[in-house]
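Geometric and topological summary
Here are the chains, one letter per residue:
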Amino acid sequence: NRELDVIEVERKFVIPDNCEAKLEEIGAKLLKEHTFNDVYFDNNTYALTLADHWLRKRNGSWELKCPPEQREDSTTSQQYREISEEPKILEKLKSVITSEASTISDFLGVTKCEGFADFNTTRKSFSLDNYSIDLDLTNWGFKVGEIETIVVNSDRVSEALAGIDSIADRLGIKTGERIPGKIPTYLRLNRHKHYLALVEGII
Ligand code: V4E
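Right, let's get into the nonpolar core. Core analysis: the largest hydrophobic core is formed by 22 residues, its most contacted members being V9, F13, L23, I133, L135, I147 and I167. Counting residues per element, the ones that place at least two in this core are β1 (7-13), α1 (19-25), β6 (114-128), β7 (131-138), β8 (143-151) and α5 (157-171). When residues of this core are assigned to their parent elements, the largest contribution, 7 residues, is made by α5. Apart from the residues within four sequence positions on either side, I167 is in contact with I26, L128, Y131, I133 and I147. One finds V39, L93, F107 and C113 within the second-largest nonpolar core, a separate group that totals 18 residues.

So, in structure tokens, the structure goes:
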């Protein structure tokens, strides 16, 4: 009874001026606009960051983004597992920083993990076929777009990437390069040491 590997495949993009008009033109539908708060956690040696594990409390609920078993083309696209069940999150966290903790907040205490970023995002979510297109604006003025889909089998990743590229193409967006997201940008602006750990793996 192997579990399904639910993988989120996404590509970020710089939001062009006419993006919402273009989205409408290609048939994407605005699903909702909402604002959420994220607090991200790590310790002072950036153990979670260096392991590419992203623990956050989004609107009060725990979420963990971590690498799937296999991933393709990781330079310009991102593929992550997103886990929201607390026992599974705890198990993953303990595989990065060994501890005896029995809850996530216990884990944070014994491993001295603390919040390193706390901000709000207003997100307009559009949908087109099995893809969602999010236009994000943070409360510190940063904008970033993302085209995203979920696959339940790693064999489907290339197909998902091709679908993402096709939508990007129809929107007139370049996809060849990796666009910095909210966290890399936040760290570059506010926490330079942590930023260097992220981009250069040095502490
Ligand atoms: C995966 C990741 C980070 C966590 C935040 O992920 P992101 O997709 O930007 O958040 P968001 O709000 O869009 O999540 P959603 O609502 O779609 O679930 S922070 C950095 N990374 C990956 C990463 C990395 N390991 N290295 C570099 C240089 N950049 C990015």
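Before going further, it helps to spend a moment on helix α3 (residues 86-96). It helps to recall that an α-helix has 3.6 residues per turn; residues three or four apart then point in one direction. Among the residues making up α3, those that are buried are I89, L90 and L93. Summarising the axial view, the buried residues of α3 lie within an arc of 100°, below the 170-degree limit, and thus occupy one face. α3 presents P87, E91 and S95 as exposed residues on the side facing more than 90 degrees away from its buried surface. Close packing links the buried residues of α3 with α2 (47-50), β3 (54-58), β4 (61-66), β5 (78-83) and α4 (104-111).

The next subject is the side chain of R11. Summarising the element assignment, R11 is placed in strand β1. For R11, a relative accessible area of 6% puts it in the buried group. In terms of polar contacts, R11 uses its side chain to reach the side chain of D165, at 3.0 Å.

So, about the pattern of salt bridges. Using the criterion set out here, one finds 14 salt bridges in the structure. E10 is the partner of K65 in a salt bridge, and the nearest nitrogen-oxygen pair spans 3.7 Å. One end of the pair, K65, is in strand β4; the other, E10, is in strand β1, and 55 residues separate them in sequence. For K65, a relative accessible area of 15% puts it in the buried group. The shortest N-O distance in the salt bridge between K12 and E146 comes to 2.7 Å. On the criterion of sequence distance, the pair formed by K12 in strand β1 and E146 in strand β8 is long-range, its members being 134 residues apart. Taken as a pair, K12 and E146 share a single burial class, namely buried.

Another aspect to go through is the sheet that holds β7. As summarised here, the arrangement of the 8 strands in space is β1-β5-β4-β3-β2-β6-β7-β8, forming a closed barrel in which the pairing is antiparallel. Between one strand and the next, the sheet's axes are offset by a mean angle of 35°, whatever the strand orientation. Where β1 and β8 come together, 7 bridges link them in antiparallel fashion. Bridged to I7 within β8 is V151.

Quick notes on the rules
Residues numbered from 1 in each chain as written. Predicted model: local features only at pLDDT ≥ 70, side-chain atom pairs only at ≥ 80, totals over all residues. Heavy atoms only, no water. Core = buried A, V, L, I, M, F, W, Y, C linked by side-chain atoms within 4.5 Å. Buried < 20%, exposed > 50% of the residue type's maximum accessible area, 1.4 Å probe, protein only. Helix = DSSP H or I, 4+ residues; strand = E, 2+ residues; numbered from the N terminus. Contact = heavy atoms within 4.5 Å. Arc of directions from axis to C-beta. Polar contact = N/O pair within 3.5 Å; in protein donor to acceptor, adjacent residues only side chain to side chain. Salt bridge = Lys/Arg side-chain N within 4 Å of Asp/Glu carboxyl O. Pairing = 2+ DSSP bridges. Axes fitted to C-alpha atoms, helices over the stretch in contact; angles between N-to-C directions.

Keep in mind these numbers describe shape, not what the thing actually does.
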